[in-house]
Amino acid sequence: MKKTWKSLRAVWLMPFLLGSSPALAFNFNDSAPAAADGEQVEDSVVTLSGKGVPLPVPRPGATPDSQPAPAPAPGKAPTVAVTGLAALIKQRVEQSEVISVAGHAIKTATLKELYKARDFEPIWITDKASKELAGTLRMILVDESEDRGLNPRDYWVSPMDSLMDSREVSALVEFELLASLGYVQYAKDTATGRIDPRDGSQNLDDIDKNIKRDYRDYIYMNHIAQDHETLVRGLRRLEPRTGEYQALLKALERLRASAELGGWPEFWDQTVLKPGMEHANVQGVRRRLIDFGALPVSERNNTSQVYDGNLVRAVQRLQQVTYQKADGVIGAATYKILNVPLRDRIQQTRANIERWRYMPRSFVDPKKVEAGQNDRYIFIDLGRQELDVVEWNAGSRDMKVSMRMRVVVGRDARSTPTLVDRITSLIVRPYWYAPKSIVAKDIVKAMQANRGYLRSARIRVFGAQGEVSNPENLPWGRYSESNPPPYEFRQEPGQENSLGLLRFSLTNNRAIYLHDTNHKEYFQYSIRYFSSGCIRLEHPFELADYLMRDQATSGDEIRLLSEDPGVIAREVKIPRESQVRVYIFGSTMTLYRDGMIGFVDDIYTQDRRIIEAMNRPK
């Protein structure tokens, strides 16, 4: 929640006054850095469990700053004059790759890049304006970091506070370096994410390592480190500007406000509530629905224990967006959603805010936006288990979802990873080569139970010497997950092939792609975590029509090829300039245009692992 300056526990008051440092030749433009974002996307309505439910669409559109910058901290009369700080700063940061500052071992590479751009002149301890700038920085590192699900301790606020009253030049230099380090770290965390999937110790292998970007625009950071206003607005501009990110920040604000008001009571008494009933649980239900965005905040003043029409409709919305039967009856399934502790919902929101930080800043190609060209991309939300084809119109500068379909994604033990990729070709009537993990976990067990499995599934086995003529005679009893058979397993093309009749090839090295399926019945379910990691499409040929509309091979030709038994794994390549980007995104919260929050289970335990990584000390 936002705090006023009076509520701060301490304010950095610089006990010094220096002459103004040499002016830096920066031309800060409040519209920089340029972000090639599109405009907001209109929601559409689809049918879920027989109910029309507005579903969200990734909105890469820029969102203007909605709140004014807070007022700067009050000042204090200076007591110490210090000269030659640039030389002292230069000496410290060039001393070695790791130095001790206020008892903390810090790497100097980042500080070198920041200060070289300003000839090592100090940022925070120069004059009255900078004194106020340091107060602004503290407000950001404490309040705004918490408002964004981050932890102030990661930005060295406490050791900086301990240095603020010192009159020692060495302590002032340490303060300067710690403030800059906190400044840079905060900028990096909000711009590209607090976690780093490239760090194997963070246990986030299901987030592609190439997603994480390095933030290194220290020239821009020197641009905005000028005064209160430009610092606040400049740092905010580094954050994601999607509608989802902004909505998640508001959701976190509501949840934290509820925690400050005493939190949520647990529903020990789970009496089934039907419309019109009167019960003590009604007030607790209403409070949660306010926090979930289904009821206005003004409903906090409603103390009625009658399960009335407004609350019934809000409960139905909650049931819809959590994949329940939307009958308005509060039974065991709805109580399960309502009884998730507030602290867990706050952590879930933090994890989902973090997801938007490490994703690309713009889903639309910035070069095409700059050139005034149309663009398109595919967005797959693993939480919603849906695929959206999104189009950017350069003329009107707006977005629209031109196609939406259900997908089947990886089950809990075989998660679909978060990826940024592109479709490079279509394979008509593809072979299916069983991944080693599936051979070890599934095929071995199937053959041990039924020696005729491979033949009935039309799977052929190949070894170093060619095809194995009688694979049922292999010593299947010796094989296991830890000792899989040393062969390649290939399923023949056709309707019963695991990939169906059409595969969409991606570039990743995880054997993840989009494809048709021989199990169409799975699309009837609300929860569709059934695959071994790849993404099964409800309408693969409609997607092919869309992708091939301007290509030499049309969607109609793809359909004809798929019906020809003589076609074996025919590849139809897509030229590089026509390849469509694919964003696979693993959310567990869905944001709706009216402020409603939808939740899905964290079946991959990714929320927990993200939070664990975020909570590790720097």
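Residue positions are given per chain, counted from 1 along the sequence in the order it is written. Per-residue local features of the predicted model are confined to residues with pLDDT of at least 70, and side-chain atom pairs are confined, for both listing and counting, to 80 or more; whole-chain, interface and lining totals are unaffected and use all residues. With hydrogens and water stripped out, all remaining heavy atoms of the structure feed into the side-chain values.

## Side note on the overall build of the protein
Next, step 1: If you tally the helices and strands in the protein, you get 18 helices and 21 strands.
Next, step 2: In the protein, which comprises 618 residues, the share counted as buried stands at 55%.
Next, step 3: When checking whether two residues touch, look at their non-hydrogen atoms; a contact exists if any pair is within 4.5 Å. Long-range pairs, those at least 24 residues apart, make up 71% of the contacts in the protein with a sequence separation of at least 6.
Next, step 4: Only the protein chains shown count as cover for residues, with accessible areas throughout obtained via the Shrake-Rupley method and a probe of 1.4 Å. Working note: accessible area of the protein is about 26,900 Å², and carbon and sulfur atoms make up 49% of it. Secondary structure follows DSSP: runs of H or I at least 4 residues long count as helices, runs of E at least 2 residues long count as strands, and numbering of each begins at the N terminus. Exposure classes here rest on a 1.4 Å probe applied to the protein chains alone. A residue is buried below 20% of its type maximum, exposed above 50%, and partly exposed in between.

## As for the sheet that holds strand β10 (residues 432–433)
Next, step 1: Only strands joined by at least two bridges in the DSSP assignment are considered to pair. Strand order in this open sheet of four strands is β10-β13-β11-β12, and the pairing throughout is antiparallel. At either margin of the open sheet sits one strand with a lone partner, and together these are β10 and β12 (466–467).
Next, step 2: Strand direction decides the pairing type here: strand β11 (residues 459–463) and β12, joined by two bridges, are antiparallel. Along β12, the bridge assignment pairs G463 with G466.

## Focus: the packing of helix α12 (residues 342–358) against helix α18 (residues 606–615)
Next, step 1: Look at α12 against α18: their axes get within 9 Å of each other, and the N-to-C directions meet at 80 degrees. With respect to each other, α12 and α18 are oriented roughly perpendicular. Only Q606, D607, I610, I611, M614 and N615 of α18 make contact with α12, whose side of the interface consists of Q347, Q348, R350, A351, N352, E354, R355, R357 and Y358.
Next, step 2: For this classification, the nonpolar set comprises Ala, Val, Leu, Ile, Met, Phe, Trp, Tyr, Cys and Pro, the charged set comprises Asp, Glu, Lys and Arg, and every other residue, Gly included, is treated as polar. In terms of residue class, the contact of α12 with α18 is built from five nonpolar, five polar and five charged. Axis definition: a line fitted to C-alpha atoms, over the contacting stretch in the case of helices. Angles run 0 to 180 degrees between N-to-C directions. An angle counts as roughly parallel when it lies under 35 degrees, as roughly antiparallel when it exceeds 145, as roughly perpendicular when it falls between 65 and 115, and as oblique in every other case.

## Digging into the pairing of β11
Next, step 1: Of the pairings in the sheet, the one linking β11 to strand β13 (residues 488–491) comprises four bridges and is antiparallel in character. Counterpart to F462 in the pairing with β13 is E488.
Next, step 2: Between β11 and β12, which pair antiparallel and follow one another directly, the connecting turn spans two residues.

## Things to note about the nonpolar core
A general tendency of soluble globular proteins is for nonpolar side chains to be buried together.
Next, step 1: Residue types Ala, Val, Leu, Ile, Met, Phe, Trp, Tyr and Cys, when buried and joined through side-chain atoms within 4.5 Å, form a set referred to as a nonpolar core. W124, L177, Y183, L231 and L235 are the most contacted members of the largest nonpolar core, which totals 108 residues.
Next, step 2: The element contributing the most residues to this core is helix α5 (residues 169–192), with 13 residues.
Next, step 3: Excluding anything up to four places from it in sequence, L177 contacts I89, R92, V93, I99, V101, L111 and Y115.
Next, step 4: In this structure, V409, L426, V428 and V600 belong to the second largest nonpolar core, which totals 39 residues.

## A word on the pattern of salt bridges
Next, step 1: Think of a salt bridge as a Lys or Arg side-chain nitrogen and an Asp or Glu carboxyl oxygen that are within 4 Å of each other. Evaluation of the coordinates by the stated rule reveals 38 salt bridges.
Next, step 2: Across the pair E94 and K90 runs a salt bridge whose closest N-O atoms are separated by 3.0 Å.
Next, step 3: Among the residues examined, K90 registers a relative accessible area of 36% and is labelled partly exposed.
Next, step 4: In this structure, the salt-bridge partner of E146 is R256, at a minimum N-O distance of 3.6 Å.

## Remarks on the pairing of strand β4 (residues 104–107)
Next, step 1: Judged from the four bridges that link them, strand β3 (residues 98–101) and β4 form a sheet pairing that is antiparallel. Looking at β4, one finds that S100 is bridged to A105.
Next, step 2: Linking β3 back to β4 in an antiparallel pair, the connection comprises two residues, with A102 at a positive phi of about 55 degrees.

## A word on the packing of helix α8 (residues 243–260) against helix α9 (residues 281–291)
Next, step 1: Direction vectors running N to C along α8 and α9 enclose 145 degrees, while the axes themselves pass 9 Å from each other. Together, R254, L255 and S258 of α8 and R287, I290 and D291 of α9 make up the contact between the two elements.

## Here we look at unusual backbone geometry
Next, step 1: With phi around 55 degrees, D119 is a residue other than glycine that occupies positive phi space.
Next, step 2: As for its position among the elements, D119 is in the loop between α2 (109–116) and α3 (128–147).

## Some thoughts on the side chain of D375
Next, step 1: Along the chain, D375 falls in strand β5 (residues 375–381).
Next, step 2: One polar contact links D375 to K368, side chain to side chain, over a distance of 3.5 Å.
Next, step 3: Non-local contacts of D375, meaning those with residues more than four positions away in its chain, are made with F363, V364, D365, K368, V390, E391, W392 and R581. What qualifies as a polar contact is a pair of N or O atoms within 3.5 Å, subject to a donor-acceptor requirement within protein and to the restriction that residues adjacent in sequence count only when both atoms come from side chains.

## What to know about the layout of surface pockets
Next, step 1: Of the volumes computed, that of the largest pocket is approximately 880 Å³.
Next, step 2: Secondary structure elements with two or more residues in the lining of the largest pocket: β4, α2 and α5.
Next, step 3: If one sorts the elements of the lining of the largest pocket by residue count, α5 sits on top with six residues.
Next, step 4: Looking at side-chain class alone, the lining of the largest pocket contains 11 nonpolar, five polar and 14 charged residues. Here a cavity is any set of points on a 1 Å grid over the protein atoms alone where a 1.4 Å probe fits but cannot get out, and a pocket is any open set with protein on both sides within 12 Å along at least 5 of 7 lines; a residue lines the site when it has an atom within 4 Å of a point. Grid points are joined across faces, edges and corners, and a volume is the space filled by probe spheres set on the points.

## Quick word on the packing of aromatic side chains
Next, step 1: Between the rings of Phe, Tyr and Trp (Trp by its six-membered ring), a pair exists once the centres lie within 6.5 Å; its type follows the angle of the planes, with under 30 degrees stacked, over 60 edge-to-face, and the other angles tilted. Under the counting rule described, the total for this entry stands at 19 aromatic pairs.
Next, step 2: Three or more aromatic residues joined by ring pairs make a cluster, and in this case those are W356, F363, Y377, F379, Y583 and F585.
Next, step 3: Cation placement over rings: the criterion is NZ of Lys or CZ of Arg within 6 Å of the ring centroid and within 35° of the ring normal. One Lys or Arg, R345, reaches over the ring of F599 and ends 3.8 Å from the middle of that ring.
Next, step 4: Lying across the ring of Y513, R503 places its NZ or CZ 4.4 Å from the centre.

## Describing the environment of G103
Next, step 1: With respect to the helices, strands and loops of the structure, G103 is situated in the loop between β3 and β4.
Next, step 2: Among the residues examined, G103 registers a relative accessible area of 68% and is labelled exposed.
Next, step 3: Expressed as a C-alpha distance, the spacing of G103 and P159, which sit 56 residues apart in the sequence, is 8.7 Å.

Any functional reading would require information beyond the geometric quantities listed.
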